[in-house]
Amino acid sequence: MAQADIALIGLAVMGQNLVLNMNDHGFVVCAFNRTVSKVDSFLANEAKGTQVVGAHSLQEMVSKLKKPRRVMMLVKAGQAVDDFINQLIPLLEPGDIIIDGGNSEYRDSTRRCKDLKARGILFVGSGVSGGEDGARYGPSLMPGGDPAAWPHIKPIFQSIAAQVEGEPCCDWVGEEGAGHFVKMVHNGIEYGDMQLICEAYHLMKDVLCMEQDEMAKAFEDWNKTELDSFLIEITADILKFRDTDSKHLLPKIRDTAGQKGTGKWTAISALEFGIPVTLIGEAVFARCLSSLKEERIVHPSTNSCHSSRRRTPSELRTH
Ligand code: 2AM
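In this convention, every chain numbers its residues from 1, walking through the sequence in written order. pLDDT decides what is reported in this predicted model: residues at 70 or higher carry local features, side-chain atom pairs at 80 or more are listed and counted, and totals for whole chains, interfaces and linings draw on all residues regardless. Hydrogens are left out, water is left out, and the side-chain values use all remaining heavy atoms of the structure.

(A) Region of the structure containing the environment of D206. For the purposes of this entry, the term helix denotes a DSSP run of H or I that reaches at least four residues, the term strand denotes a run of E that reaches at least two, and both are numbered from the N terminus. Summarising the element assignment, D206 is placed in helix 8 (residues 178-207). Counted as a polar contact is a pair of N or O atoms within 3.5 Å, where, for protein atoms, one must be capable of donating a hydrogen and the other of accepting one, and residues adjacent in sequence contribute only when both atoms are in side chains. Within polar-contact distance, the side chain of D206 engages the side chain of K205 at 3.2 Å.

Quick look at the structure:
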């Protein structure tokens, strides 16, 4: 049997979809997952009829790969990435490549890149953007790390990435943790974009007293201008959307937003590097305020707002 072009560890939806995307582009992928039963169910269902092969151990996976071996991980950020790297090290040879396509912090990627370089293994930390659909049909990929790895992964990465006017949405972004740094800033920019949309909505609703369908029309018009973008497009759709009782759904949704941390990390990096990125800082603070508001209740008799419970400083440090 022909050796596989690349291994992919982590068969949650993002991982599965990247495997199927690589398969569509003619690459033979060897799939592995910590919970090994997922390998069999993936091969019997989603990957049925494809060229995808499976492995039931890391040893078996490594034995099925062409050299230099290319091993990509899409597992939970943090300890799981270090655990897999530690298990892979004794199985790989100098010149082999480990790619982390998860949502790792860029400092972790810098550390992993240096540690693996000392052992002759080439590390790549890659941002993967576009969600589940992107992973399946064309993500934006932001690889960085050991530059010696790039020629070996470029053909795979550039063919599975989204293509815009014939150009792949993927290029080498720099050394060490640069891939995950770019992904972090990319997410931070999205925070800023969403903050601008929210402020525009606030002014339209509370200052201009516009009706919901009027606001939707404004966003639709903006989407035909230089503001043409996914977020402006879905804002118009969200504004128009009606609930089963035929009333608009949006005013019924709680006015709070959580966060996973990439906006906050972008703002922290901006402070550390002395680069003013005030919009993203504002966006993070607005989300914090919105979730603090969630903790407050309006007293029905007086209509006055008071905190339901005083929170301790450590409880406030939630993000
Ligand atoms: P699982 O199917 O065995 O849970 C997304 O959660 C992916 O990361 C899944 O493939 C999951 O494997 C994997 N994952 C999560 N935590 C992990 C850990 N501590 N060690 C190894 N894999 C992990």
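(B) Structural detail: a nonpolar patch on the surface. Patches here: salt-bridge-free residues with over 30% relative accessible area, like charges joined within 9 Å, nonpolar side chains (Val, Leu, Ile, Met, Phe, Trp, Tyr) joined within 5 Å. All accessible areas in this document rest on Shrake-Rupley with a 1.4 Å probe, and a residue is counted as covered only by the protein chains that are shown. Note on definitions: salt bridges are taken to be side-chain nitrogens of Lys or Arg within 4 Å of carboxyl oxygens of Asp or Glu. Together, L203, V207 and L208 line one region of the surface with nonpolar side chains, adding up to about 310 Å² of accessible area. Inspection of the secondary structure assignment puts V207 in helix 8. Only protein chains enter the accessibility calculation, which uses a 1.4 Å probe. A residue is then buried if its area is under 20% of the maximum for its type, exposed if over 50%, and partly exposed in between. What makes V207 exposed here is its relative accessible area of 56%.

(C) Region of interest: the site of the ligand. Inspection of the region around the ligand gives G10, L11, A12, N33, R34, T35, K38, L74, V75, K76, A80 and F84 as its neighbouring residues. T35 places a side-chain nitrogen or oxygen 2.4 Å from an oxygen atom of the ligand. In this structure, an oxygen atom belonging to the ligand sits 2.6 Å away from a side-chain N or O atom of K38. Protein chains shield 74% of the accessible area of the ligand, which is 470 Å² for the free molecule. Here the shell around the ligand is built from residues that sort into six nonpolar, three polar and three charged. One heavy atom within 4 Å of a molecule or strand is enough for the residue carrying it to be called near that molecule or strand. As a working rule, the residues Ala, Val, Leu, Ile, Met, Phe, Trp, Tyr, Cys and Pro are called nonpolar, Asp, Glu, Lys and Arg charged, and the rest polar, with Gly in that last group.

(D) Just the sheet that holds strand 6 (residues 122-129), in detail. One open sheet holds the eight strands; their spatial order is 3-2-1-4-5-6-7-10, and the pairing between them is mixed. In this open sheet, the two edge strands, each paired with only one partner strand, are strand 3 (53-54) and strand 10 (174-175). Note: strand 1 (residues 6-9) against strand 2 (residues 29-32), four bridges, orientation parallel. Residue pairing across strands places L8 opposite A31, the latter belonging to strand 2. Paired strands, as defined in this entry, are two strands with at least two bridges between them according to DSSP.

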